[in-house]
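Chain by chain, the residues:
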Amino acid sequence: YPAFYRFNRGSAGYDEKHNLQVWGVYSLPFGPGQMWMNHGLMGDIIGGWQLSGQFSHFSGFPFSVNANSNTIGGFAPGFGATYAQLTGSYQQLGGHAQSSSSPVNGGKPWFNPAAFSSPAESAAAPVIPNTGRNQFRGPGNTQTNASLVKSFHIYREAAFQFRFEAFNVLDRKSTRLNSSHITI
């Protein structure tokens, strides 16, 4: 079925359209070589601290919606997998589950699965689906990390660091879909 190769054309499963990374480091103005408390024992104790943070935002990965049956007799794109027929308008519902039966987020799916159906089966003239490989995008992810670092000068270029790092500071749940092919 060379005429159906267009259904296998699409974004790679690992494609992220947008990837925003913002980093920042701030040295606190205390201790030797700084604006305040730049000499004495108290300056050595309080000095050398750095605050740093990182903000990451990724767009969602692409995914395909597959039909729950193989309707083109094994010659469909993806070696037997048949893509679903989009029968309604595609709507993102904003949930975190891949299907309405999933317990994640109370079962609210990311998209409306009722908008899809299996292509009609007919041995004489099967209905070719109107969706293709990785045509839709899943939810993205946002994460904020922070760290507090204290450097202790030991000898010449040698230093010792005490680090306190916190990942996902705002406690945001990852809402990424864990599969690039979802069967309805």
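Notes on the structure follow. The structure displayed is predicted, hence computed values, not measured ones.

What counts, and at which threshold
- Residues numbered from 1 in each chain as written.
- Predicted model: local features only at pLDDT ≥ 70, side-chain atom pairs only at ≥ 80, totals over all residues.
- Heavy atoms only, no water.
- Helix = DSSP H or I, 4+ residues; strand = E, 2+ residues; numbered from the N terminus.
- Buried < 20%, exposed > 50% of the residue type's maximum accessible area, 1.4 Å probe, protein only.
- Contact = heavy atoms within 4.5 Å.
- Areas by Shrake-Rupley, 256 points an atom, 1.4 Å probe, with all protein chains shown as cover.
- 1 Å grid on protein atoms, 1.4 Å probe; cavity = no way out; pocket = protein on both sides within 12 Å on 5 of 7 lines; lining within 4 Å.
- Points joined across faces, edges and corners; volume = space filled by probe spheres on them.
- Nonpolar A, V, L, I, M, F, W, Y, C, P; charged D, E, K, R; others polar.
- Pairing = 2+ DSSP bridges.
- Axes fitted to C-alpha atoms, helices over the stretch in contact; angles between N-to-C directions.

A count of helices and strands for the chain gives one helix and nine strands. In the chain, the succession of helices and strands from N to C terminus is β-α-β-β-β-β-β-β-β-β. Within the chain, the proportion of its 184 residues that are buried is 28%. For the chain, long-range pairs separated by at least 24 residues make up 68% of all intrachain contacts whose partners lie at least 6 apart in sequence. Summing over all exposed atoms, the chain offers an accessible surface of approximately 11,500 Å²; the carbon and sulfur share of this is 58%.

A separate point is the layout of surface pockets. Approximately 150 Å³ is the volume attributed to the second largest pocket. Along the walls of the second largest pocket sit Pro32, Asp44, Gly47, Gly48, Lys150, Ser151, Phe152, His153 and Ala159, which together make up its complete lining. Here the element with the most residues in the lining of the second largest pocket is strand 7 (residues 141-155); it accounts for four residues. The residue makeup of the lining of the second largest pocket, split by class, is three nonpolar, four polar and two charged.

Burial of strand 3 (residues 62-66) is extensive: five of the five residues sit out of reach of the surface. Both faces of strand 3 are covered, namely the face carrying Pro62, Ser64 and Asn66 and the face carrying Phe63 and Val65. In the sheet, strand 3 pairs with strand 6 (residues 136-137) via two bridges, with the strands oriented antiparallel. Following the sheet pairing, Phe63 is matched in strand 6 by Phe136.

Spatially, the four strands line up as an open sheet ordered 1-2-7-8, and their pairing is antiparallel. Unpaired on one side and paired on the other, strand 1 (19-27) and strand 8 (158-166) mark the two borders of the sheet. Across the sheet, the axes of successive neighbouring strands diverge by a mean angle of 20°, strand direction being ignored. Bridge count for strand 1 against strand 2 (residues 49-58) is nine bridges, and the pairing is antiparallel. Bridge pairing in strand 2 places Val25 opposite Ser52.

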